[in-house]
Amino acid sequence: MADPIVANVVVSMPSQLFTLARSFKAAANGKIYIGKTDTDPTIPENQIQVYLDGENEELVPIAQPININTGGYPVYGGQIAKFLTVENHAMAVYDAYNVQQFYFPNILKYDPDQAYWRLREEIYGNFGAPDGLKFVGRCPDIATLRTIVPVDAKQKIEVIEYVVGSGLGGGFFEAVQDSVTADDGGMFIRVNASTGWKRSVENSILVTQFGARGNDTDETAIIQRAINSAALNKIKLVIDAGFVFSAHGVVIDSRHNGIIIDGAGWLKFYGNGGTQQNKPENIVTGADYCIYLNGLSNAELSLKVDGNSATKRDNEQIHSIGMFGGKNISMPKLRFKNTRGDGLYITQSNGNVESAIPENVNIDFIESINETFDGRNAISVISVNGLNITTMVSLRHGGMVGGVYQPGGLDIEPNYYFQKCYNITVKSYRALCAGSQGLTIAGKQATGDFGEFCVKNVHFDNVDVELTDIGRNRADVVLINGANDVFVRGFAKTTALYTGDYVGLHVVGATGVDANVTTRRCKHAAWLGYTPVLGLRNMYSSRYVINADRYHDGVSIGWADGITVDFIGINPTQMGAGDMGHLQYIANPGESTPIRRTKVSVRTSGFEGFLERLNYGIRVNPSQTPAIYKGTNYIIDSDLTNVLHDPANAKNRMLGTKDIVKSNIDGVTPYPGTPIVGTDIWGDGDIVFDTNVSVSKVVGRVYTSTGFQIFSQLP
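Reading the values: rules and limits
Throughout this document, residue positions are counted from 1 along each chain, in the order its sequence is written. Totals for whole chains, interfaces and linings use every residue, but because this is a predicted model, local features are given only for residues with pLDDT of at least 70 and side-chain atom pairs only at 80 or more, for both listing and counting. Neither water nor hydrogens contribute to the side-chain values; these are computed over all heavy atoms in the structure. Helix and strand definitions follow DSSP, with helices as H or I runs of at least four residues and strands as E runs of at least two, each counted in order from the N terminus. Accessible area is worked out with a 1.4 Å probe on protein chains only. A residue is then buried under 20% of its type maximum, exposed over 50%, and partly exposed in between. Contacts: residue pairs with any heavy atoms within 4.5 Å of one another. In these notes, a set of buried Ala, Val, Leu, Ile, Met, Phe, Trp, Tyr and Cys residues joined through side-chain atoms within 4.5 Å is what counts as a nonpolar core. Polar contacts, as used here, are pairs of N or O atoms within 3.5 Å; protein pairs need one atom able to donate a hydrogen and one able to accept it. Residues neighboring in sequence count only if both atoms are side-chain atoms. We call a pair of cysteine sulfur atoms a disulfide whenever their separation is within 2.5 Å. Residues are called lining when one of their atoms sits within 4 Å of a cavity or pocket point, these points coming from a 1 Å grid over the protein atoms alone, where a cavity is a set in which a 1.4 Å probe fits but cannot get out and a pocket is an open set with protein on both sides within 12 Å along at least five of seven lines. Grid points are joined across faces, edges and corners, and a volume is the space filled by probe spheres set on the points. Residues are grouped as follows: Ala, Val, Leu, Ile, Met, Phe, Trp, Tyr, Cys and Pro are nonpolar; Asp, Glu, Lys and Arg are charged; all remaining types, including Gly, are polar. For Phe, Tyr and Trp, rings pair up if their centres lie within 6.5 Å, where Trp contributes its six-membered ring, and each pair is then called stacked (planes under 30 degrees apart), edge-to-face (over 60) or tilted (otherwise). Each ring is checked for a lysine NZ or an arginine CZ that lies within 6 Å of its centre and within 35 degrees of its normal; such an atom marks a charge sitting over the ring. Only when DSSP finds a minimum of two bridges between them are two strands counted as paired. Expected helix span is computed as 1.5 Å times (number of residues minus one). One speaks of a salt bridge when a side-chain nitrogen belonging to Lys or Arg is within 4 Å of a carboxyl oxygen belonging to Asp or Glu.

## So, the overall build of the chain
Part 1 of the argument: Within the chain, the regular secondary structure consists of 5 helices and 52 strands.
Part 2 of the argument: On the principal axes, the C-alpha backbone points of the chain span a range of 135 × 65 × 45 Å.
Part 3 of the argument: Residue burial in the chain is summarised as follows: out of 715 residues, 52% are buried.
Part 4 of the argument: Restricting to contacts in the chain with at least 6 residues of sequence separation, those with at least 24 account for 69%.

Set out below in structure tokens:
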């Protein structure tokens, strides 16, 4: 029969609870090793058997090490337990970081009372020192931390707050031997030439951990240090939620490539915008910016910027963010408010000097909201190759700044031909503006290269733009000017029935446009090649579908070659003076305006009271008469039956269309009956086929100098 086990040596610390060596804190989540006296008990060959004091005083052998819970007690299966051995032993205690806190080579030689006084002398005896708080693992602020010299490598300490009384910016630090890293005031705090404290973080760091407080003072330097440190340490920088930090001239450049910034809180544009601050030397600009993105690449930025327009001078060149060059920039969320100039300004690396173009910029969501109609644009795009916006919202941009009515919303408009705007896609764009335009796509034409523009391949899937009149009296809801290959779908509208010249869609100086736009309450639904902008007037190879609801005049076609127009109008409404009608061909003021190779279709409906006001259905303007190239222009598949035709009282379904080929126009070409009569409706060679030949027996008629003649008739 085996000898009974007599376990009479308790496994415990001489100082009662298992604590850290230099602190009264529990050795939470640590380990205990038990071995032969005067040996290293972490080595399995040196370990001795440890027993669990079980129920009914049963001794249960257990494996090592013994776990310590968060309260400093040894546990088995998560429960506090009593552990025993049958002999004297050595003990080693390790913390959660696997750092040895205690080693006792011969546990029985320690008298508990002696251990108490020895620890008391070692710890309490140092509280009076200037850095005494390190012995309890806490420090009041960063300034004090700079005075505390670590005792051991990887020593831990907690900083309560960045500045006493702020309640912000505290955290845990670990001692490091480092003679190179600069003190950045947040991530690394230097003590002397060879030693410092490094903040313990996982994936991100806060700007308040660098001393930012959001107290309406200029905190640019603090935020800049935080950005520099986050990039250097390759961790995400978080702008604390619920805070507003004032800044002016923050620079994020190629030193910060790959940075991730999560703007949960706001940055406020500090100052009045009258003096540039920290402008990079490579940028040629007179504008002032809150943030410079200067040649930045491979970055992910979510930012909120308050333009603080109430404090800004009356000048449009005060922008929240300027992007100068760079590539592969992702912006999951951008939010702006109260902007005096632009929310986001995108251009070349040197500004208005030919230089590197920004490439591959992706914005998932951008919102820019002003409290009143003020400022210039939510976004101004001067130069970019590859801009993708998923959702954009712009409210109350385009006010009067510096005595000038600004555009508003989204403005794609290079200043010079060398500034290219290529490959731009916007999935959804909503805007409420009061400027000269709500959506502007306006490039420059190459010198001597007719029809070649610096804005190309622009795609808008879902546009909803509304303009409000604050006294301007003339504006384009959507302007396409100086561009190749533009695709637009959506709505262009005004807030009320304004008598000023508000145009739903205005296109001049463009080729390859594919637009399907519904206009509402716009006095002029569409001007196509009519009224030049910045000297551009020609329009080629484009297709338009215009659905107009409440308009004074529908579509005006000026300088055009190779376009198709499908106009559907409902409820024409008088808005001020001038003739009312559906579609007209018209010359630009003071110049010959050629129109060739066009094909139009017009269909209208509405209440009789509205339609009776119309002066024309389709006409060639009698006072601004363009040069219609005979036989190349067509009016087809139209319905003008609800337009009054009373030429004696200036009511014409058609007028001046003698040089335009006409086919299948309800209310104009007969079925059965004779074609309508009016001023210059028909030209020599016009052929009208009777669509009810079985009744009329007339196959068709041809127009001659003496009127229509039947050219074929059934017996």
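## Overview of the nonpolar core
Part 1 of the argument: Ranked by internal contacts, the top residues of the largest apolar core, which has 119 residues, are Phe460, Ile480, Leu505, Tyr544 and Tyr585.
Part 2 of the argument: The element best represented in this core is strand S37 (residues 474-494), accounting for 8 residues.
Part 3 of the argument: The contact partners of leucine 505, leaving out residues within four places of it in the chain, are Val478, Ile480, Ala515, Val517, Ala525, Ala526, Trp527, Leu528, Tyr544 and Ile546.

## Concerning the side chain of glutamine 437
Part 1 of the argument: Structurally, the position occupied by glutamine 437 is in strand S35 (residues 437-442).
Part 2 of the argument: Side chain to side chain, glutamine 437 and serine 436 meet in a polar contact 3.2 Å long.
Part 3 of the argument: Side-chain polar atoms of glutamine 437 contact the side chain of threonine 440, separated by 3.1 Å.
Part 4 of the argument: Setting aside residues up to four positions removed in sequence, glutamine 437 forms contacts with Pro407, Gly408, Leu467, Asp476, Val477 and Leu479.

## A few points about the state of the cysteines
Disulfide: a covalent bond connecting the sulfur atoms of a pair of cysteines.
Part 1 of the argument: Applying the stated criterion to the full structure yields 0 disulfides.
Part 2 of the argument: Cysteine 522 carries a free sulfur, and the closest cysteine sulfur to it, the one in cysteine 433, is 13 Å from it.

## Description of empty space enclosed by the protein
Which parts of space are left empty comes out when a probe the size of a water molecule is rolled across the atoms.
Part 1 of the argument: What the rule picks out here adds up to 2 cavities of 30 Å³ or more.
Part 2 of the argument: Taken as a whole, the largest cavity spans an internal volume of roughly 50 Å³.
Part 3 of the argument: Taken together, Ile223, Ile227, Leu237, Ile239, Val250, Ile252, Ile261, Leu267, Ile291 and Leu303 make up the full set of residues lining the largest cavity.
Part 4 of the argument: Counting only elements with at least two residues in the lining of the largest cavity, the list comes to helix H3 (220-233), strand S17 (236-239) and strand S19 (250-253).
Part 5 of the argument: Here the lining of the largest cavity is built from residues that sort into 10 nonpolar, no polar and no charged.

## Things to note about unusual backbone geometry
Part 1 of the argument: With an omega of 5°, the peptide bond between glutamine 64 and proline 65 qualifies as cis.
Part 2 of the argument: Within the secondary structure, proline 65 sits in the loop between strand S4 (59-62) and strand S5 (66-68).
Part 3 of the argument: The phi dihedral of alanine 650 is positive, around 60°, even though this residue is not glycine.
Part 4 of the argument: Along the chain, alanine 650 falls in the loop between strand S47 (634-639) and strand S48 (652-655).

## Side note on the packing of aromatic side chains
Part 1 of the argument: Inspection of the entire model under this criterion finds 15 aromatic pairs.
Part 2 of the argument: Between tyrosine 703 and phenylalanine 708 the ring centres are 5.1 Å apart and the planes differ by 75°, which places this aromatic pair in the edge-to-face class.
Part 3 of the argument: Through a chain of ring-to-ring contacts, the aromatic side chains of Tyr289, Tyr292, Phe324 and Tyr345 assemble into a single cluster.
Part 4 of the argument: Here arginine 596 stacks its cationic end above the ring of tyrosine 629, 4.1 Å away from the centre of that ring.

## Looking at the pairing of strand S52 (residues 707-713)
Part 1 of the argument: Pairing geometry for strand S51 (residues 698-704) and S52, over 6 bridges, is antiparallel. Opposite tyrosine 703, over in S52, you have phenylalanine 708 as the bridge partner.
Part 2 of the argument: Turn length for the S51-S52 hairpin, with the two strands adjacent in sequence and antiparallel, is 2 residues.

## Considering the sheet that holds S5
Part 1 of the argument: The strand order across the open sheet formed by 6 strands is S7-S6-S5-S2-S9-S10, and the pairing between neighbours is antiparallel. Edge positions in the open sheet fall to strand S7 (79-80) and strand S10 (100-104), since each of these has one partner strand only.
Part 2 of the argument: Looking at chain direction, S5 and strand S6 (residues 74-76) are connected through 2 bridges and run antiparallel. By the bridge assignment for S6, asparagine 67 is matched with valine 75.

## Let's talk about the pairing of strand S13 (residues 171-177)
Part 1 of the argument: As judged from the 4 bridges shared by strand S12 (residues 156-159) and S13, these two strands associate in the antiparallel manner. Counterpart to glutamate 158 in the pairing with S13 is phenylalanine 172.
Part 2 of the argument: Sheet topology places S13 next to strand S15 (residues 195-199); 5 bridges connect them, and they run antiparallel. Across the sheet, alanine 175 pairs through a bridge with tryptophan 197, a residue of S15.

## Quick word on the environment of valine 458
Part 1 of the argument: Within the fold, valine 458 resides in strand S36 (residues 455-467).
Part 2 of the argument: A relative accessible area of 1% means that valine 458 is categorised as buried.
Part 3 of the argument: Valine 458 sits 151 residues away from glycine 307 along the chain, and the two C-alpha atoms are 28 Å apart.
Part 4 of the argument: Setting aside anything within four residues of it in sequence, one finds valine 458 in contact with Ile412, Ile424, Ile441, Asp485, Val486 and Phe487.

## Considerations on H3
Part 1 of the argument: The terminal C-alpha atoms of H3, which comprises 14 residues, lie 20 Å apart, in line with the 20 Å expected from a rise of 1.5 Å per residue.
Part 2 of the argument: Restricting attention to buried positions, one finds in H3 the residues Thr220, Ile222, Ile223, Gln224, Ala226, Ile227, Ser229, Ala230 and Ala231.
Part 3 of the argument: Among the structural elements, S17, strand S18 (244-247), S19, strand S20 (260-263) and strand S21 (266-269) are those in contact with the buried residues of H3.
Part 4 of the argument: Lysine 234 sits one or two positions beyond H3 and adopts a positive phi of about 55°.

## A few points about the sheet that holds strand S11 (residues 138-139)
Part 1 of the argument: Read from one edge of the open sheet, 5 strands run S11-S12-S13-S15-S14, paired in mixed fashion. Every interior strand has two partners, whereas the edge strands, S11 and strand S14 (188-190), have only one.

## Here we look at the side chain of aspartate 374
Part 1 of the argument: Locating aspartate 374 in the fold gives a position in the loop between strand S28 (359-369) and strand S29 (379-381).
Part 2 of the argument: On the basis of relative accessibility, which here comes to 11%, the residue aspartate 374 falls in the buried class.

## Regarding the pattern of salt bridges
Part 1 of the argument: Under the criterion given, the structure shown has 25 salt bridges.
Part 2 of the argument: Between arginine 489 and aspartate 514 there is a salt bridge, and its shortest N-O distance comes to 3.1 Å. One end of the pair, arginine 489, is in strand S37; the other, aspartate 514, is in strand S38 (residues 501-520), and 25 residues separate them in sequence.
Part 3 of the argument: Classification of aspartate 514 as partly exposed rests on a relative accessible area of 25%.
Part 4 of the argument: Note that lysine 523 and aspartate 501 form a salt bridge whose closest N and O atoms lie 4.0 Å from each other. Linking lysine 523 in the loop between S38 and strand S39 (524-528) with aspartate 501 in strand S38, this pair joins segments that are 22 residues apart in sequence.

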